[in-house]
Amino acid sequence: MSVEDQLELIRRGAVLVENEEELRAKLALGRPLRIKHGADASSPRLHLGHAVQLRKLRQLQEMGHEVIFLVGDFTARIGDPSGKSQTRPLLSAEQVEANAARFAAQAAKILDMDRARVEFNSRWLGQMTFADVINLASRATVARMLERDDFAIRFAENRPISVLELLYPLVQGYDSVALEAYIETGGTDQTFNFYQARTLMRSYGLEPQCFITMPLLEGTDGHEKMGKSLGNTIDLLDTPAEKFGKVMSLPDTLLTKYLLLCTDTPEVEIEELGRGLADGTVHPGQLKRRLAREIITLYDSAEEAREAEREFDIRHKPGTDVSALERVAEEVRLPARVFAEPMWIVGLLSACGLVKTNSEARRMVQQGAVRIDGERVEDEAAEVLVREGLIVAVGKRRVARIVREA
RNA sequence: GGGGAGAUUCCCGAGCGGUCAAAGGGAGCAGACUGUAAAUCUGCCGGCGAAGCCUUCGGAGGUUCGAAUCCUCCUCUCCCCA
């Protein structure tokens, strides 16, 4: 692939390529380039936000470059105090190891992991003496650190910034020094750290890395960046049905962004579709269905994508009958004794795991969310005769089919 | 080192010594509506088979018939001065 072709592919979806001239020169070397990417081993489930990053790496991998996942095991064991999650638990070496393995297993859905390398920053950070740390710290200033938005805002709002946090960009930058990275990729939230790395690399007499930042994908709420703590993720390990429903719940405004970042749809086609949405010739609902199918096809299969769409229609089309509900129900095993006599509706919902507490069960009944074999139950004192195959539904999304336990 | 401010339910935030399971907002959940799990409107939003009771307002003690509210000590955060 020619240098210009590579550059064009690299630019797809990217917010910033720093610095394009330098990158062109590196690509022109015509050999595999070391690419550093910080692996987020802290979250057990990768989501589409991670996928945006991983897909960019896959592109680079396909161009023949060498991807290195950097696991911040050293830093994870110290604990990351960044911003809101100050009580993030410190991880043991074993936990970090396990997380990294889980990350790699999921990343394999996107990348060729046989051709990727996993590194742990304890390898070099663990060797450093305090003198080395002071040497490192001497290469940066507080004023530069406070240029970072997050710090500037918190400083202005009198919110805490620990000294450790100021050290983090330096540590990350030093990782680039240690790896002698040619290119680093990451989210736009890493821009500051990436620039810091370039400065540090120069200071250590290395050629500064180029970097590519990708947008942070908004989650299912449509506003906030996708993240586990916000509960707005679409996970790679979500079932096809879950993926479909979650994609359908995205606001229409995110359609083209998702197509660009989460699918292989050609950019010219995305532009066309965007115009179609604007002038009304493209139906957003239909396009969203297509988006959902493509995403599921990518991570599961085309067949599962079709099945997920069918299930979605069963759940949401009006006049859904019991036999259809049956198809989307989760099996719930109940002990044989509850089949003997009528069971209190609230207890049944709890037993099926459809609600967390009896109070929640009562509320669901009161609000008309509960259906037994398709029949709405609105009396919270109701007794239900439990039988094999009974369909118990709470709202549209929680459906159980009773199975007698042997 | 000195002085000041603060810590409230998932998050932000209001709380007069009794009427506080604790205002309001956000998130979440449900119902209606919809191409959609979007938007909008409405309701719910600690737990208990619901009567009343139990646990909750940084931690530990104390005052009081009664404490999220008062006192003491402790932990943590922020500000000002040195």
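Residues numbered from 1 in each chain as written. Chains lettered and ligands numbered in written order. Predicted model: local features only at pLDDT ≥ 70, side-chain atom pairs only at ≥ 80, totals over all residues. Heavy atoms only, no water.

Draft legend 1. View of the protein's contact with RNA strand B. Around RNA strand B there are 29 residues in total, and Ser249, His316, Ser359, Arg363 and Arg397 lie nearest to it. Put simply, 58% of the atoms of RNA strand B that lie within 4 Å of the protein are in sugar or phosphate. Between a phosphate oxygen of RNA strand B and a side-chain N or O atom of Ser359, the distance comes to 2.4 Å. Within the contact set of RNA strand B, a base nitrogen lies 3.1 Å away from a side-chain nitrogen or oxygen of Arg397. Of all elements in the fold, only helix H12 (240–248), helix H15 (284–299), helix H16 (302–316) and helix H19 (358–366) reach the threshold of two or more residues within the surface near RNA strand B. At five residues, H19 tops the list of elements feeding residues into the surface near RNA strand B. When the residues that make up the surface near RNA strand B are grouped by side-chain class, the tally is eight nonpolar, 12 polar and nine charged. (Near = heavy atom within 4 Å. Polar contact = N/O pair within 3.5 Å; in protein donor to acceptor, adjacent residues only side chain to side chain. Helix = DSSP H or I, 4+ residues; strand = E, 2+ residues; numbered from the N terminus. Nonpolar A, V, L, I, M, F, W, Y, C, P; charged D, E, K, R; others polar.)

Draft legend 2. Broad picture of the pairing of strand S13 (residues 398–404). Summarising the sheet, strand S7 (residues 330–334) and S13 pair through five bridges and their orientation is parallel. Paired with Leu334 across the strands is Arg404, a residue of S13. Two strands pair when backbone bridges link them, and strand S12 (residues 391–394) and S13 are joined in this way by four bridges, in the antiparallel orientation. What sits directly across from Ala393, in S13, is Val399. Taking the residues between adjacent antiparallel strands as the criterion, S12 and S13 are bridged by three residues, where Gly395 takes a positive phi near 65°. (Pairing = 2+ DSSP bridges.)

Draft legend 3. The arrangement of the domain arrangement of chain A in detail. When its domains are assigned, chain A resolves into domain 1 (3–214), domain 2 (238–316) and domain 3 (322–404). Between domain 2 and domain 3, the C-alpha centre-to-centre distance is 32 Å. Tallying the contact residues gives six residues for domain 2 and seven residues for domain 3. Summed over both partners, the interface of domain 2 with domain 3 buries about 620 Å², with 55% contributed by carbon and sulfur atoms. In this structure, the connection of domain 2 to domain 3 is made through one salt bridge. In this structure, the connection of domain 2 to domain 3 is made through four residue pairs in polar contact (both at pLDDT 80 or more). Taken together, the residues of the side of domain 2 that touches domain 3 break down into one nonpolar, one polar and four charged. (Domains from an automatic or database assignment. Contact = heavy atoms within 4.5 Å. Buried area = accessible area lost by both parts, 1.4 Å probe. Salt bridge = Lys/Arg side-chain N within 4 Å of Asp/Glu carboxyl O.)

Draft legend 4. Region of the structure containing unusual backbone geometry. Backbone torsion omega between Glu18 and Asn19 reads 0°, so that peptide bond is classified as cis. Relative to the elements of secondary structure, Asn19 occurs in the loop between strand S1 (16–18) and helix H2 (20–28). The phi dihedral of Glu180 is positive, around 50°, even though this residue is not glycine. Along the chain, the position of Glu180 falls in the loop between helix H10 (163–179) and strand S5 (183–187). In this structure Glu180 comes out as partly exposed when scored by relative accessible area, which is 43%. Not every positive phi belongs to a glycine, and Asp373 is a case in point at roughly 50°. Within the secondary structure, Asp373 sits in the loop between strand S9 (370–372) and strand S10 (375–376). (Buried < 20%, exposed > 50% of the residue type's maximum accessible area, 1.4 Å probe, protein only.)

Draft legend 5. Spatial organisation of the nonpolar core. The biggest cluster of nonpolar side chains holds 60 residues, and the ones touching the most others in it are Leu48, Leu54, Phe69 and Tyr258. Two domains each put at least three residues into this core: domain 1 (3–214) and domain 2 (238–316). Setting aside its immediate chain neighbours within four residues, Phe69 contacts His37, Ala39, Leu54, Leu57, Phe103, Leu111, Met113, Ala116, Arg117, Val118 and Glu119. Listed in part, the 27 residues of the second largest apolar core include Val365, Val386, Val392 and Ile402. (Core = buried A, V, L, I, M, F, W, Y, C linked by side-chain atoms within 4.5 Å.)

Draft legend 6. View of the packing of aromatic side chains. This structure, assessed with the given rule, holds five aromatic pairs. Ring centres of Tyr195 and Phe211 lie 5.0 Å apart, and the angle between their planes is 90°; on these two criteria the pair is classed as edge-to-face. Separated by 16 residues along the polypeptide, Tyr195 in helix H11 (residues 191–203) and Phe211 in strand S6 (residues 210–214) bring together distant segments of the chain. For Phe211, a relative accessible area of 0% puts it in the buried group. Ring geometry for Phe244 against Phe312: centres 5.2 Å apart, planes inclined by 50°, an arrangement best described as tilted. Taken together, the residues span a long stretch of sequence, with Phe244 in helix H12 and Phe312 in helix H16 at a distance of 68 residues. We classify Phe312 as buried; its relative accessible area is 15%. (Phe/Tyr/Trp six-rings, centres within 6.5 Å; stacked < 30°, edge-to-face > 60°.)

Draft legend 7. Layout of the sheet that holds S1. The six strands lie next to each other as S1-S6-S5-S2-S3-S4, forming an open sheet whose pairing is mixed. Only two strands of the sheet have a single partner each, and these edge strands are S1 and strand S4 (116–120). Each strand of the sheet is rotated relative to its neighbour by a mean of 20°, with strand direction disregarded. Alignment of S5 against S6, held across five bridges, turns out to be parallel. In the strand pairing of S6, Ile183 is matched with Cys210. In the packing of H11 onto the sheet, contacts are made with S1, S5 and S6, and the angle to S6 comes to roughly 180°. (Axes fitted to C-alpha atoms, helices over the stretch in contact; angles between N-to-C directions.)

Draft legend 8. A look at the packing of helix H13 (residues 255–262) against helix H14 (residues 267–279). At a minimum axis distance of 10 Å, the contact between H13 and H14 shows a crossing angle of 170°. Our classification of the angle between H13 and H14 gives roughly antiparallel. Across the interface between the two elements, Leu255, Thr256, Leu259 and Leu260 of H13 pack against Glu267, Ile270, Leu273, Gly274 and Leu277 of H14. (Parallel < 35°, antiparallel > 145°, perpendicular 65-115°, else oblique.)

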